[in-house]
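Chains, contacts and geometry: an overview
Residue strings, one per chain:
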Amino acid sequence: MIHRLERWYAPKLKALLKGHRMVIISALLLLVGAGVVFDRLGGEFIPELDEGDFATNITIRQGSNLSQSIQVSNEAARILLRDFPEVKEVVGKIGSSEIPTDPMPIESQDLIIVMKDKSEWTTTKDREHMAELMSEKLNVIPGMNMSFEQPIQMRFNELIAGVKSDIAVKIYGDDLELLFRSGKDVAALIAKVNGATDIKVEQVVGMPQLVVKYDRERIAQYGLNIADLNRVLNTALAGGKAGMVYEGERRYDLVVRMADLRDADTDKVKNILVPLPTGTQMPLGQLAEIGFQSAPAQVSRENGARRIVVETNVRGRDIQGVAQDIQKVIDAELVLPTGYYVEYGGTFKNLEEASARLMLTVPLALALIFVLLFFAFRSITEALIIFSAVPLAAVGGVFALSLRGLDFSISAGVGFIALFGVAVLNGIVLISYFNQLKKEGEEDVTQRVVRGTLARLRPVLATAAVASLGFLPMALSNSEGSEVQRPLATVVIGGLISSTLLTLVVLPVLYHLVFTRRRKKENGATALIASLTGFLFLIGGTASAQTLSLDSAVSRALRTHPTITAAELNVQQQNALRKTAFQLDPLNAQVQGGQINSGYRGDVTVQAMTGIQFPTVIAQRADFLRESMRLAEADELTVRTLVKESAGGAYLQWAMGAEQVALLQRLDSSYAKLTAYAKRKFDVGQSGRLEMVSAQSSADQVRVQMRRAQGDIAVYLAELERWTGALAGARPDTTALNSTARAPDPGGGGDPVLALEQQRALLAEEEWKLERSLWAPSLQGGGFYQTLDGTSPFTGYLIGASIPLPGSGQGARTKAARLRSEIAQQQLEDLRRMRVTELTRTRTRVEQLRENLAYYGTTGAELARTLRSDAERAYLGGNIGYLEFIQGIDQAYRIDSEHLRVRYELALSILHLRALQGQ
């Protein structure tokens, strides 16, 4: 299937590269469309009643006692259990817990409704509808307010936001009565907003309180005082101290109160008799006005100011949309006195704060991604091309949210952050491979893009598939917490799909467009220089050649050398042989006819049998074949290391030969000056013929050496082409020797040759285990078909086992395999010692050569330049003779040659050190 996709994709990609404008315009239209869709998405998540039980907070009339609260709880439980067969049980919690960290008055209670499994629901399958039906049934209980939520959600809302609902409108002021009236007005306004349900106003007033107002004139008329009346009233209702009761060492107050005034009742209180100074008694009702009045139920404060809270839940809409509508209607229609103001809280407030943090973290994450891309590629252009995957990924995430009917939420925002990080991976894979092809010599941008995209098609698809499939369970989840998981997973999956498809289309087009134009500009800017250079080369009779770097030569050798291909094929061969771990024996079929156990000539017997090896043998053979494949992989790594070292050494030898020719050319230039000057001296009679002939002879010898060095270059090139293939018109990089010789020490790594020998020892051990397992019997089975005397056929089965006997040679083969394993271990130890010694010797050699290079690179080079210039200047000035000039020039040449030799040997040693460490 992948092969078909690649064959279909290749011509389409070439066509897209030609029509790049249409591709870019289409991508921009997609971005605009995604922006429009995103603008229509809700701003926060839609609260859902997810899988699990229900929790409802019930508030009854202010001042209700415990008995009334229990009665309401029992009535609600009775209705739910009667009308809803899906309810398993109902549990109510009234008032504060033993540890009063969650204070709650007696008239408020939490009702936990434990539901059966959703597959057993019959009334409705929708949880939203179920909550509405329960609310309708419970509304028959008078004076009760309720709100449906999840048990854990309700508790977390209260712990985090201070209220048990999604949105809280807090009104601050001084007068509780005015606050309560304003809260009622706000509740009426919220009821107009679509999606707002379970509206509750905090009960700060309405507590019934018994109030006794004394008639002070009548009290004075009868000679009484307020203190006496308060004492009588307190004793009657609350009790008064009448004495002490002792129990051992403990003592208690003896409190006396009227038995029939347990509950506050106006008539009973009015009939309390008050003693007069005259010795008579008078009912309290004749001295005071007694009755119930509404009083503050509780005083809630926040930041030192009184406040009242109006709570509401959201159902069917996103929280931000409902909150914004509530703010609009309150700002437009609510009028508060001076000094009173409104704030908003609840879960909505936390979501607003999280959204504000997201507005900071998302740009920060994007900036960090871009910075890391720039540091990785050292190019703003390439970083921007890869960064184009971010908006392309956002397109898919936005459309996926819209298709699934999900709103933008905090979890969706986190999903976008994760998506952006994953989306750029595909761009990194493509651009890295494009750059690799460029280093390998692929200058045609179109071919580079097509080859690179097709080569990385599978990794790109695999990256997206793995991540998408990993998030798929979260996207389809309906369990607890799925309202957080679904948006995140939906964004990642949708974004990866769009990012992958558009990356395979838009990113290659952008790369092709940018680098094609850059190449045209570079070509235009260098056209005159290139023409002039070519003209000069033609005049000089020298054809221009392309410089081949060391890395390019090694990469070409690794890509084209037959031993690499053979090693790769060997890995494929061993991988194919792994399928032979389980195999059936050849089918042994026999047919027999004629007189069989009777005189009837038409009898027939057909028999067939096959067999398999014992399961332990099959498992051991599978291990043996697995180690065989690992041996092939280790051999491939060793071959690659050998080819890399050999090709690099051949290249360095070629580069050294080129520098040797350059040294001889400089020496030839010096001797040419010597010959010309000696001839002039001879012509004017300042020297004899011997000096002139000697100078000409020395110059001829240098030219012979130079022609021999040029011939050696051809030999060195042929050696390099043995590894890389034909290199027509190439020339070596003149900086290769210096850069390699001055390269830092390679980091620690494994020796591939030693790893190969270790794998051989493991394979020998597995072979020994396989031979031992062959002592197990082979299993055989089959069946037969037979007729006797022409009667009905008989059928049956055959079961047997093939057991190796001591004389079968299996014992000898097992012993030989054990000995081979021991031999392999000894050979491994010998090779380990040898490679350790080689590594130590190479490191020591590198250090010695670096010390020599430090001398020749500074003092030696300066000394050679001084000898050469001083000898030429002194000889031409007549200060020294011919012999002194020859000595100075030859000494300078020997220093330069030794400097070249040290650089060459150091570069070879570093290559060898890299090979020893598997680099």
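Everything in this summary refers to the structure shown in the same document. Remember, predicted model here, so these are calculated numbers, not experimental data.

1. Details of a nonpolar patch on the surface
Taken together, the side chains of Val245, Tyr252, Leu254 and Val256 present a nonpolar region at the surface, about 310 Å² in accessible area. With three residues, strand β9 (residues 250-256) is the single largest residue contributor to the nonpolar patch. With respect to the helices and strands, Val256 occurs in strand β9.

2. Examining the sheet that holds strand β20 (residues 778-786)
Overall, antiparallel pairing links the four strands, which are arranged β17-β18-β20-β21 in an open sheet. Both edges of this open sheet fall to β17 (588-594) and β21 (794-802), since each of them pairs with a single strand only. Across this sheet, the average inter-strand angle for adjacent strands is 15°, counted without regard to direction. As paired strands, β17 and strand β18 (residues 603-612) are joined by seven bridges and run antiparallel to one another. The residue bridging Gly594 from the neighbouring strand is Asp603, located in β18.

3. As for helix α20 (residues 550-560)
By the burial criterion, the buried members of α20 are Leu550, Ser552, Ala553, Val554, Ala557 and Leu558. Against the buried residues of α20 lie α14 (410-439), β16 (546-548), α21 (562-577), α22 (615-683), α23 (689-724) and α24 (736-741).

4. Section: the nonpolar core
Ranked by internal contacts, the top residues of the largest apolar core, which has 48 residues, are Tyr651, Tyr671, Leu674 and Leu737. At 17 residues, the largest contribution of residues to this core is made by α22. For Leu737, the contacting residues outside a window of four places in its chain are Leu652, Ala655, Met656, Glu659, Leu900, Arg903, Tyr904 and Ala907.

5. Quick notes on the packing of α21 against α22
To characterise two packed helices, one gives the angle between the axes of the helices and the distance between these axes. Interaxial distance between α21 and α22 falls to 8 Å at its minimum, and their mutual angle equals 170°. The pairing of α21 with α22 is recorded here as roughly antiparallel in orientation. The residues of α22 that touch α21, namely those facing Thr563, Ile564, Ala567, Glu568, Asn570, Val571, Gln574, Asn575 and Leu577, are Leu625, Ser628, Met629, Ala632, Glu633, Asp635, Glu636, Val639, Arg640 and Val643. For the contact of α21 with α22, the class distribution of residues is nine nonpolar, five polar and five charged.

6. Brief notes about the pairing of β20
Bridge count between β18 and β20: eight bridges; the pairing is antiparallel. Bridge pairing links Ile612 to Leu779 in β20.

7. A few points about the environment of Ala632
Take Ala632: it is sitting in helix α22. On the basis of relative accessibility, which here comes to 3%, the residue Ala632 falls in the buried class. Setting aside chain neighbours within four positions, we find Ala632 in contact with Asn570, Val571 and Gln574.

What counts and how
- Residues numbered from 1 in each chain as written.
- Predicted model: local features only at pLDDT ≥ 70, side-chain atom pairs only at ≥ 80, totals over all residues.
- Heavy atoms only, no water.
- Patch = residues over 30% accessible without salt bridge, like charges linked within 9 Å, V, L, I, M, F, W, Y side chains within 5 Å.
- Areas by Shrake-Rupley, 256 points an atom, 1.4 Å probe, with all protein chains shown as cover.
- Salt bridge = Lys/Arg side-chain N within 4 Å of Asp/Glu carboxyl O.
- Helix = DSSP H or I, 4+ residues; strand = E, 2+ residues; numbered from the N terminus.
- Pairing = 2+ DSSP bridges.
- Axes fitted to C-alpha atoms, helices over the stretch in contact; angles between N-to-C directions.
- Buried < 20%, exposed > 50% of the residue type's maximum accessible area, 1.4 Å probe, protein only.
- Contact = heavy atoms within 4.5 Å.
- Core = buried A, V, L, I, M, F, W, Y, C linked by side-chain atoms within 4.5 Å.
- Parallel < 35°, antiparallel > 145°, perpendicular 65-115°, else oblique.
- Nonpolar A, V, L, I, M, F, W, Y, C, P; charged D, E, K, R; others polar.

The quantities given are spatial measurements derived from coordinates; they are silent on function.
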